[in-house]
Amino acid sequence: MGAPSVKQAANCKQPPGVIVPVVNLKRCEGKADCVPVCPENVFEVRRIDEQDFKALGFLSRMKLRVHGMQVAYTPNADACRACGLCVSACPEHAITLARR
């Protein structure tokens, strides 16, 4: 018998779309620790959208500039099954899980 798959090891708790990850862009530094741990491929790290950048306060904008203007987005949030691996992996504690 082989090692458990990532999905089995993730101990997913919900059907897809009930719970979604929420990224706090004020905290996210775009380190991408969430990307490889997510068994459902919910995350992508890319340049922050201009509208999101403008909505941040001065200090958050400066922090983002230092970190290369990269943040995590959740283009596949509806696939989330609430395993919580992203929450545990994020060194900035920028991800929470919320009921839709």
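Residues numbered from 1 in each chain as written. Predicted model: local features only at pLDDT ≥ 70, side-chain atom pairs only at ≥ 80, totals over all residues. Heavy atoms only, no water.

Asks: Which parts of the structure should I look at to understand the nonpolar core?
Replies: The tendency in soluble globular proteins is for nonpolar side chains to be buried as a group. Core analysis: the biggest nonpolar cluster contains 20 residues, and Val-23, Leu-25, Phe-43, Ile-48, Leu-64, Val-71 and Ile-95 have the highest contact counts within it. With three residues, strand β3 (residues 70-73) is the single largest residue contributor to this core. Beyond its immediate sequence surroundings of up to four residues, Ile-48 is in contact with Leu-25, Phe-53, Leu-56, Leu-64, Met-69, Val-71 and Tyr-73. (Core = buried A, V, L, I, M, F, W, Y, C linked by side-chain atoms within 4.5 Å. Buried < 20%, exposed > 50% of the residue type's maximum accessible area, 1.4 Å probe, protein only. Helix = DSSP H or I, 4+ residues; strand = E, 2+ residues; numbered from the N terminus. Contact = heavy atoms within 4.5 Å.)

Asks: Even after reading the chapter, I still don't get the pattern of salt bridges, so can you show me in this structure?
Replies: A side chain of one charge can pair with a side chain of the opposite charge when the charged atoms of the two come close. The final tally for this structure, using the stated rule, is six salt bridges. Of the charged contacts in the structure, one is a salt bridge between Glu-29 and Lys-63, with a shortest N-O distance of 3.6 Å. Taken as a pair, Glu-29 in the loop between β1 (19-23) and α2 (34-37) and Lys-63 in helix α4 (residues 58-66) lie far apart in primary sequence, 34 residues in all. The class of Glu-29 is buried, set by a relative accessible area of 15%. Close ionic contact of Arg-100 with Asp-78 constitutes a salt bridge, the shortest N to O distance being 2.2 Å. Here Arg-100 is found in the segment after β4 (95-99), whereas its partner Asp-78 is found in the loop between β3 and α5 (85-89), with 22 residues between them in sequence. Like Arg-100, the residue Asp-78 is exposed in the burial classification. One salt-bridge network, held together by shared partners, links Glu-29, Lys-31, Lys-63 and Glu-92. (Salt bridge = Lys/Arg side-chain N within 4 Å of Asp/Glu carboxyl O.)

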